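# Understanding the architecture of this molecule
Chain by chain, the residues:
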Amino acid sequence: MVRLQAKHPRAIRWMHWINFPVLSIMLWSGLLIYWANDPYAIRMGGVELFKFFPTGFYSFFNLEHGLATGMAYHFLFMWFFAINGLLYVLYTAISGEWRHLLPHWRTPADAFQVVLHDLYIRKEPLPAAKFNGAQRLAYTGVILMGAGSVLTGLAIYKPAQLWWLTAGFGGYEWARLWHFALTIGYVLFFIVHIAQVAKAGWNNFRAMVTGYELTPVEESIHA
Amino acid sequence: MPEKPNLTGAEAERAMARMSRRGFVLGAVAALAGVGGMTWLRFTGQEGGLPWPLRRVLQFNESLAQATFSPERLSPTFPEDRIAVPPRINGGIGMVAKLDPAAWTLRVEQPDKPAREFTLDGLNGLARVDMVSEFKCIEGWSQIVQWGGVRLLDFLVQHKLGTRDGQAPDLKHAPNNLYKYVYMQTPDAGYYVGLDMPSALHSQTLLCDTINGQPLPSDHGAPLRLVIPIKYGIKNIKRIGLIRFQDERPADYWAERRYDWYAGL
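Criteria and cut-off values
Residues numbered from 1 in each chain as written. Chains lettered and ligands numbered in written order. Predicted model: local features only at pLDDT ≥ 70, side-chain atom pairs only at ≥ 80, totals over all residues. Contact = placed C-beta atoms within 7 Å. Helix = DSSP H or I, 4+ residues; strand = E, 2+ residues; numbered from the N terminus. Nonpolar A, V, L, I, M, F, W, Y, C, P; charged D, E, K, R; others polar. Pairing = 2+ DSSP bridges. Axes fitted to C-alpha atoms, helices over the stretch in contact; angles between N-to-C directions. Core = buried A, V, L, I, M, F, W, Y, C linked by C-beta atoms within 7 Å. Buried ≥ 20, exposed ≤ 12 C-beta atoms within 10 Å, placed from the backbone. pLDDT = per-residue confidence, 0-100. Expected span 1.5 Å × (residues − 1). Arc of directions from axis to C-beta.

## With respect to the interface of chain A and chain B
Contact residues are listed per partner, giving 36 residues for chain A and 40 residues for chain B. Mapped by element, the contributors of at least two residues to the side of chain A that touches chain B are strand E1 (2-6), helix H1 (10-35), helix H3 (67-95), helix H7 (163-168), helix H8 (172-200), helix H9 (202-210) and strand E4 (212-216) of chain A. Here the side of chain A that touches chain B gets eight residues from one element, more than from any other, and that element is H3(A). Counted by class, the side of chain A that touches chain B contains 23 nonpolar, seven polar and six charged residues.

What follows is the structure, encoded as structure tokens:
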């Protein structure tokens, strides 16, 4: 026996799905911009482990010679990204959804149990909740990252008029590095997010489209 | 929400099937509309090499930047030990031909007024300014450079340029007396920039003849170049040959090649 249970409010579903193409376009146009000056790499003891990015990466995704185009798209879609993010924060704050999303004092311990569970170390099922501890951390963290992207973006967009903001990030070049690092963060978030959604299954994914989940109920209650 | 959440069993399954159909069809339609919109955006009519909606948004962002622009907010300056050596050479457009410094003049044109010609003597008597600022290339790199020269504002005040009535410019008290824009080009007209007047009159906008304490080399724009740290490097025109004041928005080399006309920082 199953029961129809409301899960995600309509506003959150829309904002979630709108963010996907918007962030994708920001990522693409950001890479067009980054290509024009791509100094970042992971180095250890003077040895370059990974360069952002190998030449083949740019040519494969057709990211070369597009600085001006990238800036034009970036400075259009930044509005959608920022407004959508702001509406999301306002909605969760006003609707009370934040209660499911913000970490509380038990969250770190819960999140640790989720990690143990996902690594098949913890055998018992996790306690039932709309969002577990790891999700609370991830979904709150990604919103903070979004705010960070807007702020570091502004810091490199208007480093003279907003000099105090740029200074707060350690100057123009540091602000650009933070802005880039956050982008890498989204990609890592996306990979884990997709893996977890695949693992959680169809019922969970469908809830982000319909808003509802089918949850099992014990027959006796409805007998 | 259209469905009652307390449905169970087959009823719940049917309601879910109905909602899924609706949701996924709506999602597919929205995705198609998005792809269609992006395709239209990419191939629609162009202005300055950019699809016109993107150009309009750049202009909208510019109007916001202009409305909130404050001349008191400065591009950061740095101690001399942060100066990058040697200063990077980037771009020689408009400086292909050799220049005879002795024959060089700076021409200034204004509507309805005779043109004027200046040599470097035109800077005599103006306060020398020494500025260590961060040069920001639109490509994304930046470099701390020491510039020496005079404020463009001081030059215009001294020679009473840029105003309709031929008096000294005063952005604060007589903004309408100023022409709206400044156009500058190299002697061969190969490179040219357009500037809004408030940016041109900013206290950090300099006419420079030295770099890192040395006379400006040809590669860096001798005999006289513009340094405007509240704009990207593309506006810092080297080897200025002509300054023209006008009310129409001036042509700009890189704005004709897909870049933002304003390029303000």
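Okay, back to it.
## Focus: the pairing of strand E9 (residues 206-211) of chain B
Residue and element names in this part refer to chain B. Where strand E6 (residues 142-151) and E9 come together, five bridges link them in antiparallel fashion. Looking across to E9, one finds that Trp147 is bridged to Ile211. Here E9 pairs with strand E11 (residues 225-227) via three bridges, running antiparallel. Following the sheet pairing, Leu206 is matched in E11 by Val227. Pairing between E9 and strand E10 (residues 214-215): two bridges, direction antiparallel. Bridging across to E10, Thr210 finds its partner in Pro215. Between E9 and E10, which pair antiparallel in sequence order, lie two residues; one of them, Asn212, sits at a positive phi of approximately 45°.

## Let's talk about the sheet that holds strand E4 (residues 116-118) of chain B
Strand pairing in a sheet takes place through backbone hydrogen bonds and is either antiparallel or parallel in direction. Residues and elements named next belong to chain B. Spatially, five strands are ordered E4-E3-E12-E7-E8 in an open sheet, and the strand pairing comes out mixed. Every interior strand has two partners, whereas the edge strands, E4 and strand E8 (192-196), have only one. Strand after strand, the sheet turns through a mean of 20° between neighbouring axes, direction not considered. As paired strands, strand E3 (residues 106-109) and strand E12 (residues 242-246) are joined by three bridges and run parallel to one another.

## Re the nonpolar core
The nonpolar side chains of a soluble globular protein tend to be buried with one another. Ranked by internal contacts, the top residues of the largest apolar core, which has 73 residues, are A:Ala72, B:Met184, B:Leu206 and B:Leu207. In terms of residues, this core owes the most to one element, H3(A), which gives nine residues. Ignoring sequence-local partners within four residues, the contact set of B:Leu206 consists of B:Val129, B:Met131, B:Trp147, B:Gly149, B:Val150, B:Arg151, B:Leu152 and B:Val227.

## Focus on the confidence of the model for chain B
Atom-level detail of predicted coordinates should not be read off regions where pLDDT is low. Of all residues in chain B, 98% attain a pLDDT of 70 or more, and the chain-wide mean is 94. The complex prediction reports pTM at 0.93, with the ipTM value standing at 0.93.

## Looking at unusual backbone geometry
A cis amide bond, omega -10°, links B:Val85 with the succeeding residue B:Pro86. Topologically, B:Pro86 is positioned in the loop between helix H2 (52-68) and E3. A cis geometry characterises the amide bond from B:Ala222 onward to B:Pro223, with omega recorded as 0°. Structurally, the position occupied by B:Pro223 is in the loop between E10 and E11. If you check the backbone angles, A:Tyr120 has positive phi at about 60° while not being a glycine. By the secondary structure assignment, A:Tyr120 is in the loop between helix H5 (107-118) and helix H6 (133-157). Since 7 C-beta atoms lie within 10 Å of it, A:Tyr120 is described here as exposed.

## Details of the environment of B:Arg239
Residue and element names in this part refer to chain B. Along the polypeptide, Arg239 turns up in the loop between E11 and E12. A count of 24 C-beta atoms within 10 Å places Arg239 in the buried class. Sequence separation between Arg239 and Gly92 is 147 residues; the distance between their C-alpha atoms is 10.0 Å. Residues within four places of Arg239 in sequence aside, it is in contact with Gly94, Met95, Leu99, Thr186, Pro187, Gly221, Ala222 and Arg225.

## Thoughts on H2(B)
The end-to-end C-alpha distance of H2(B), which contains 17 residues, comes to 24 Å, matching closely the 24 Å that a straight helix rising 1.5 Å per residue would cover. Considered for burial, the residues of H2(B) that qualify are B:Leu54, B:Arg55, B:Val57 and B:Leu58. Looking straight down H2(B), one finds its buried side chains confined to an arc of 160°; they lie on one side. Exposed residues on H2(B) whose side chains face more than 90 degrees from its buried face are B:Ser63, B:Leu64 and B:Ala67. Summarising the contacts, the buried residues of H2(B) are in contact with H3 of chain A together with strand E1 (46-47) and strand E2 (50-51) of chain B.

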